[in-house]
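Residue-level listing of the chains:
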Amino acid sequence: MHDSRYKETKQGFYWLCRSDGIEEKLTNNFPFLNVCYCVPSEEAPLRYNIKGNIDALCRLFGACCPIESLSYFLTPSRILYENAVMQEFIPAKVGDSFGPTWWTSWFRVTLTIPKAWKGEEVHLVWESDGEALLWRNGIPVQGLTKEGEKISYVLTEKLTDEEPHSLELYVELACNGLFGAGQGSMISAPDPNRSFTLYKAELVVFNRDVHELLIDFEVLSDIAKHLGIENQHSYQALYTANKMVNACDVEDRSTFAKVHRLASDFLQQENGKSQHTVHAMGHCHIDTAWLWPYEETIRKCARSWVSVLRLMEKNPSFIFTCSQAQQFEWVKSWYPGLYTQIQEFAEKGQFVIVGGTWVEMDGNLPSGESMVRQFLQGQRFFQQEFGKQCCEFWLPDTFGYSAQLPQIMQGCGITRFLTQKLSWNLVNEFPHHTFFWEGIDGSRVLTHFPPGNSYEMKCKVEEDLSTKIKIKADPPIRYHGSSPLSKCDDAFRMRWVKQSSPETFFSILEADTTMLCTWVGELFLELHNGSYTSQAKIKKGNRKCECILHSVEVVSSLASVQKDTFEYPSSQLQHLWRLLLLNQFHDVLPGTCIQPVVEDAVKFYEEIQSNGNELLKEAIQCLLGGSEQETGKNIHVLNTLSWERTEVISMPRLEGDEVLALIKVPSVGFATVTKPLVPPHPVIVNSQGDGSVLMENGILKVAFDSSGRITSLSHLLYKRETIPDGCCGNQFVLFDDVPLYWDAWDVMDYHLETRKPVSQVVKPLEVVCPGGVRGSVRYSIRISDSSKIRQEIILDACCPYVKFKTEVEWHEAHKFLKVEFPTTVHSLNATYEIQFGHLQRPTHRNTSWDWARFEVWGHKWADLSEHGFGVAILNDCKYGYSVHRNIMTLSLLRAPKAPDATADMDHHQFTYAIMPHAGSFQEANVIQFAYNINYPLHIVPAEPSVSASSFWSAFSIQSPAVVLETIKQAEDRQNALVARLYESHGSTVVTWLHTSLPVKQAIWCDLLEQPMTIKPLSITDFQIQLSFTPFQIRSLLLTF
Ligand SMILES: [Zn+2]
């Protein structure tokens, strides 16, 4: 033992004196060891002994020589190679810096490899703090990223006289780092003026044998370090390393092969049968946009994937898994040559497509139909481009997983699921790594969380060991790791690590699942709960666009069946859907991205809305005739939802103005209105002397104080007060919202201790609509010097809810705005709408699992009910809720400053409603009313010749439990529609679907629109009998 840091004790033990003063027991029987035991906090002494010595005489990089010339040109945009090489390049040198942030510097590099290097492996070393892509003969050949430890490109593995020694290469340097350009910290808003330095550009001789030895020693050292002194392999690793050092003559490279063999002999020893096998496969988690814009992701894909191809060429057993059809589609159009190579490696089984979705989307907020489209677009793309579909859903990094996902996966041909994000839980440790996950309908998928608890595992010994240890009670041969791009060699030297594929790994799991546990319900992430609210514009864009695309598809479907001249806009709809799906990426829809991404996302939403509205107008015009230019006094009102609606609408008049009118519209159809309905109970509005106002519509009676708060809300039929004595509903509250680190992501439980009511009146309550078909009042209050709320509160005739049309001027820092409704309801659970259904969460905080859900997500409604009575909150673009005991709270706006310093600083408009109801929320049609708020009726002036009222309904369903969510043209089939329905009450139902359309054949199909049986359903008198189990999603293929 020649290291002074070791000392012998009386007991014959050696102790390692660490630099932090702590002594560590090492060994008692290695008297002649050359090799030191590594200290985690220091650079490995092993490296000093071996690398230090070897470096002295024959370093990892041997001879080097400068490149011949270097020139560059800067561009603010990301341009194609063909355009770049035509530009004028000016001289540059190593040490120069390039910028600003997000620009691109293209370099022309000319070099000549010295003839004297014949027989050597020659690399170009390129070290810069911007991400780079190397081009050779017009083809991208290597990604070069300093932060990714990838800084060299193999020019030749063994230089021959015949190969060209003089080359001209191009380097495309992105002026951003691996994680963007955060100012001060990774997630801070980007520094717009950063510059990126070129530190090195030279030719070197690469000593492969030295590289091999370094990895051998690193692995052995890590085994010794991390297995611990109780484990005999730890000693064996040390002995082997010691033998290697003794056998290694650094002045005689011919000894290196023998030294390498010593390591191999140790590492390749057979496992005992009880040992785990680690199934490792390459994966590279490329966020489709995050701390960099969408456009940069296209280049990130090229840089990463081209590097992967180089590894595959070198190692034919290397397998790389890759998800997200959108990224493939980008690479296909931007890098067609690279894409062809990827397809070839996919054919060989090395480049493995996984996931089946368009992007790795957020797992909470997209609607049920959006989630179906993620798979429909993804699986169809993979089928077209790679001749197969994915068998496993792959979503390592999103902020929780909807309890409806298992059924959606199963409907899209997927039975396996991989993620790991629940390892980020702040409070409770998720109990399983391999288990069945069961959704709200009872569908199950085999699920695996890699026990390394990361999607960025480097396949180091430490990770692999922790993986094996964390398996705990799971069966013994169960694990799946992932490996990075540059160092995949390391792990595969260990005998328990096997290069594998998802197919192999899951097949082994599936062979024996008898001992696996089942987790029922959502996979709730106990972190990042602010992401249900951050970037309100993105959330609103998502909801509005989901609704528009629904309407375009319904009306276009009806028009295509009814009118021969109408052409269903399938390619336009595919484009708009793909934009919407892209924005559902797991850092965009959650609002955890930088400002340029928000700008792109908003631009895409605007495109969907304007093109969607245009398509809708064309389809309506074709279906109904008439147009906005018509001057007739009658109107058509179109309803795309599958139930009859009675609502107050704003009706255009011949005089050019608009008048409120109560109308009735049939299910999935239209009414031609010549005369509005007379409300059975007109709304009565009474202003009181103290500034308060009373409104009543025969269903509800509501009292407001002068600051817009509800002091009383009575359900007249049930004779029940909703607001407890002394409390106020519609109470705005403001919280300090300072998370520990992840600003846009997190809201911490301690924010609840800072609640402050917002009630400083700017304009007291005043009546706007005096009653009749509508009563309404408005007021405004102040949040702070720079923020205020303006609200119109509406009670319509025949309407069972009070609606709050809200505008907020919001300029705050680290504040959270919510609105509260204390209720008289006592219940242990509240119900929240999720995709194609709902689930319950506790209103109490008994256990850590309960209180960790202090802020939760839901879609269009949440409900708190006791037997016979309840209260629901409905909304048109919000997702964050909390119900604690009897207080229902809707989360409205946050003010995080990272990664977008300007997040949510704007004018906001949104609508929510409160709906007390008799009976259960199912009996009270809460689900339908929440849809109504989100899917407005479409009003079109009728041609002057239309003079009689008429009704037409394309589809209706007998049972209120069943929702006809989607009507669209079937993919690749012009004469067929898909009608997607789901059971929304959580009940078993047999019902009838009525259609007035000339359906020739109806057959069940899966979510990918493939027929599930050959036997069609019988159609009698335009009716089809359908049956559903609780929360079942079923799709009908209707042929015409
Ligand atoms: Zn991610």
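Basis of the calculations
Counting restarts for each chain, with residues numbered from 1 along the sequence as it is written. Only residues with pLDDT of 70 or above have their local features reported here, since the model is predicted, and side-chain atom pairs are shown and tallied only from 80 upward, although totals for entire chains, interfaces and linings are computed over all residues. The side-chain quantities take in all heavy atoms of the structure and omit both hydrogens and water. Put simply, buried Ala, Val, Leu, Ile, Met, Phe, Trp, Tyr and Cys residues joined by side-chain atoms within 4.5 Å make one nonpolar core. Three labels apply to residues, based on accessible area from a 1.4 Å probe with only protein chains included: buried if under 20% of the type maximum, exposed if over 50%, partly exposed otherwise in between. Going along the chain from the N terminus, every DSSP run of H or I of four or more residues is numbered as a helix, and every run of E of two or more is numbered as a strand. Pairs of residues are marked as contacts when any of their non-hydrogen atoms sit within 4.5 Å. Between 30 and 60 degrees the pair is tilted, below 30 it is stacked and above 60 it is edge-to-face, where a pair is any two Phe, Tyr or Trp rings, Trp via its six-membered ring, whose centres lie within 6.5 Å. Cation placement over rings: the criterion is NZ of Lys or CZ of Arg within 6 Å of the ring centroid and within 35° of the ring normal. Pairing between strands requires that DSSP locate at least two bridges from one strand to the other. Only N, O and S atoms count as donors, using a 2.8 Å cut-off from the metal and 3.2 Å for Na, K and Ca, and because water is excluded some sites may appear unfinished. Working rule for geometry: tetrahedral if four donors all subtend angles between 85 and 135 degrees; square planar for four, octahedral for six, if opposite donors exceed 155 degrees and the others stay between 65 and 115; irregular in every other situation. Helix span is expected to be 1.5 Å times the residue number reduced by one. UniProt positions are given in the numbering used here, feature names are shortened, and annotations may be inferred rather than shown by experiment. By convention in these notes, a salt bridge is any Lys or Arg side-chain nitrogen within 4 Å of a carboxyl oxygen on Asp or Glu. All axes are obtained by fitting lines to C-alpha atoms, using only the stretch in contact for helices, and the reported angles, taken between N-to-C directions, cover 0 to 180 degrees. The term polar contact refers here to a pair of N or O atoms within 3.5 Å; inside protein, the definition further demands a hydrogen-donor-capable atom paired with an acceptor-capable atom, and it admits residues adjacent in sequence only when both atoms are side-chain atoms. Oblique is the label for any angle not under 35 degrees, not over 145, and not in the 65 to 115 range, which are roughly parallel, roughly antiparallel and roughly perpendicular in turn. Polar here means any residue outside two lists: the nonpolar Ala, Val, Leu, Ile, Met, Phe, Trp, Tyr, Cys and Pro, and the charged Asp, Glu, Lys and Arg; Gly therefore counts as polar.

> Help me understand the nonpolar core in this model?
As a rule of thumb, soluble globular proteins bury nonpolar side chains together. By size, the foremost hydrophobic cluster in this structure holds 223 residues, and its most contacted members are Phe328, Phe351 and Leu817. Among the elements that line this core, the one with the most residues is helix α16 (residues 595-624), at 13 residues. Here leucine 817 is in contact with Phe732, Val733, Leu734, Val758, Ile783, Ile789, Val808, Trp810, Ser891, Leu892 and Leu893, once residues within four sequence places are set aside.

> How should I be thinking about the packing of aromatic side chains in this particular structure?
Aromatic ring pairs are reported here in terms of the distance separating the ring centres and the angle at which the planes meet. According to the stated counting rule, one finds 53 aromatic pairs in the structure shown. Their ring planes at 85° and their centres at 6.5 Å tell us that tryptophan 290 and tryptophan 745 sit as a pair that is edge-to-face. With a gap of 455 residues between them, tryptophan 290 in the loop between β15 (278-283) and α6 (294-314) and tryptophan 745 in the loop between β34 (731-736) and β35 (756-758) connect regions that are remote in the sequence. Just as tryptophan 290 is buried, tryptophan 745 falls in that class too. Geometrically, the ring pair formed by phenylalanine 328 and phenylalanine 382 is edge-to-face, given 5.6 Å between the ring centres and 85° between the ring planes. On the criterion of sequence distance, the pair formed by phenylalanine 328 in helix α7 (residues 325-334) and phenylalanine 382 in helix α9 (residues 368-386) is long-range, its members being 54 residues apart. Taken together, Trp305, Phe320, Phe328, Tyr339, Phe351, Trp358, Phe381, Phe382 and Phe386 form an aromatic cluster joined through their ring pairs. One Lys or Arg, arginine 108, reaches over the ring of phenylalanine 89 and ends 4.3 Å from the middle of that ring.

> Would you mind showing me how to read the sheet that holds strand β46 (residues 880-884) here?
Within a sheet, each strand pairs with its neighbour through backbone hydrogen bonds, oriented either parallel or antiparallel. On the basis of which strands lie adjacent, the open sheet formed by 6 strands has the order β35-β34-β40-β47-β46-β43 and antiparallel pairing. Either end of the sheet is taken by a strand with one partner, and the two such strands are β35 and β43 (856-857). Bridge count for β46 against strand β47 (residues 887-894) is 4 bridges, and the pairing is antiparallel. In the strand pairing of β47, serine 882 is matched with threonine 889.

> Even after reading the chapter, I still don't get the coordination of the zinc ion, so can you show me in this structure?
In a perfect tetrahedron of four donors around a metal, the angles come out at 109.5 degrees. In a perfect octahedron of six, they are 90 or 180 degrees. For the zinc ion, every protein donor is listed as His285 (NE2), Asp287 (OD), Asp397 (OD) and His586 (NE2), and the spread of their distances is 1.9 to 2.2 Å. Because the angles between the 4 donor atoms bound to the zinc ion fall within 88 to 164°, the donor set is best described as irregular. One chain supplies every donor to the zinc ion, and in sequence these donors are spaced H-x1-D-x109-D-x188-H. With aspartate 397 in the loop between β18 (392-394) and α10 (405-411) and histidine 586 in the loop between α15 (570-583) and α16, the pair connects residues that are 189 residues apart, well separated along the chain. A relative accessible area of 4% means that aspartate 397 is categorised as buried.

> Would you explain α15 in this entry?
In an α-helix, one turn spans 3.6 residues; hence positions three or four apart end up facing the same way. Taking 1.5 Å of rise per residue, 14 residues should cover 20 Å, and α15 covers 20 Å from first to last C-alpha, within 8% of that figure. Contact partners of the buried residues in α15: α6, α7, α9, α14 (536-562) and α16.

> What should I look at first to understand the environment of leucine 395 in this one?
Mapped onto the secondary structure, leucine 395 falls in the loop between β18 and α10. Taking relative accessible area as the criterion, leucine 395 reaches 0% and is therefore assigned buried. The spatial distance from the C-alpha of leucine 395 to the C-alpha of glutamine 324 is 9.7 Å, given a sequence separation of 71 residues. Contact partners of leucine 395, with chain neighbours within four places excluded, come to Glu360, Met361, Tyr401, Phe417, Leu418, Thr419 and His586.

> Got a minute to help me understand the UniProt feature "domain: Glycoside hydrolase family 38 central" (unreviewed entry) in the protein in this structure?
Under the feature "domain: Glycoside hydrolase family 38 central" (unreviewed entry), the UniProt entry names residues 526-605. Secondary structure within residues 526-605 divides into 65% helix and 0% strand; the distance between the first and last C-alpha atoms comes to 30 Å.

> Mind showing me how you'd approach the pairing of strand β5 (residues 69-75) here?
Look at any regular strand and the pattern is simple: side chains alternate between the two faces of the sheet. Among the 7 residues of β5, 5 are classified as buried, and the element is accordingly described as predominantly covered. Bridging between β5 and strand β8 (residues 104-112) involves 7 bridges; their strand directions are antiparallel. Bridge pairing links serine 69 to threonine 110 in β8. The pairing of β5 with strand β6 (residues 90-91) spans 2 bridges and is antiparallel. When the bridges of β6 are listed, tyrosine 72 appears paired with isoleucine 90.

> So what exactly am I meant to see when it comes to the pattern of salt bridges here?
Should the charged atoms of two oppositely charged side chains come close, the side chains can pair. According to the stated counting rule, one finds 42 salt bridges in the structure shown. In this structure, the salt-bridge partner of glutamate 121 is arginine 208, at a minimum N-O distance of 2.5 Å. Separated by 87 residues along the polypeptide, glutamate 121 in strand β9 (residues 121-128) and arginine 208 in helix α3 (residues 208-227) bring together distant segments of the chain. Between glutamate 313 and arginine 310 there is a salt bridge; the shortest N-O distance is 2.9 Å.

> Any chance you could explain the sheet that holds strand β28 (residues 669-673) here in plain terms?
The sheet built from 4 strands is open, its strands ordered β49-β25-β28-β50 with antiparallel pairing. Since the sheet does not close on itself, it has two edges, and those belong to β49 (938-941) and β50 (950-953), each with one partner. For this sheet, the mean inter-axis angle between neighbouring strands, taken without regard to orientation, is 15°. Pairing of β28 with β50 involves 4 bridges; the strand directions are antiparallel. Directly across from phenylalanine 670, in β50, lies its bridge partner tryptophan 952. In the packing of α16 onto the sheet, the strands contacted are β25 (635-639), β28 and β49, and the crossing angle to β25 comes to about 115°.

> What exactly am I supposed to notice about helix α4 (residues 232-247) here?
Look at α4: 23 Å from first C-alpha to last across 16 residues, which is about the 22 Å you get at 1.5 Å a residue. Ser234, Ala237, Leu238, Thr240, Ala241, Asn242, Met244 and Val245 are the residues of α4 that are buried. Backbone nitrogen of histidine 233 and a side-chain oxygen of the N-cap are separated by 2.7 Å at the start of α4; the cap is asparagine 231.

> What am I meant to see in the packing of α7 against helix α8 (residues 336-347) here?
Each pair of packed helices can be summarised by the angle the axes make with each other and by the distance between the axes. Contact geometry for α7 and α8: axes closest at 5 Å, N-to-C directions at 125°. As the angle between them shows, α7 and α8 are arranged oblique. On α8, the residues that touch Phe328, Val331, Lys332, Ser333 and Trp334 of α7 are Pro336, Leu338, Tyr339 and Ile342. For the contact of α7 with α8, the class distribution of residues is 7 nonpolar, 1 polar and 1 charged.

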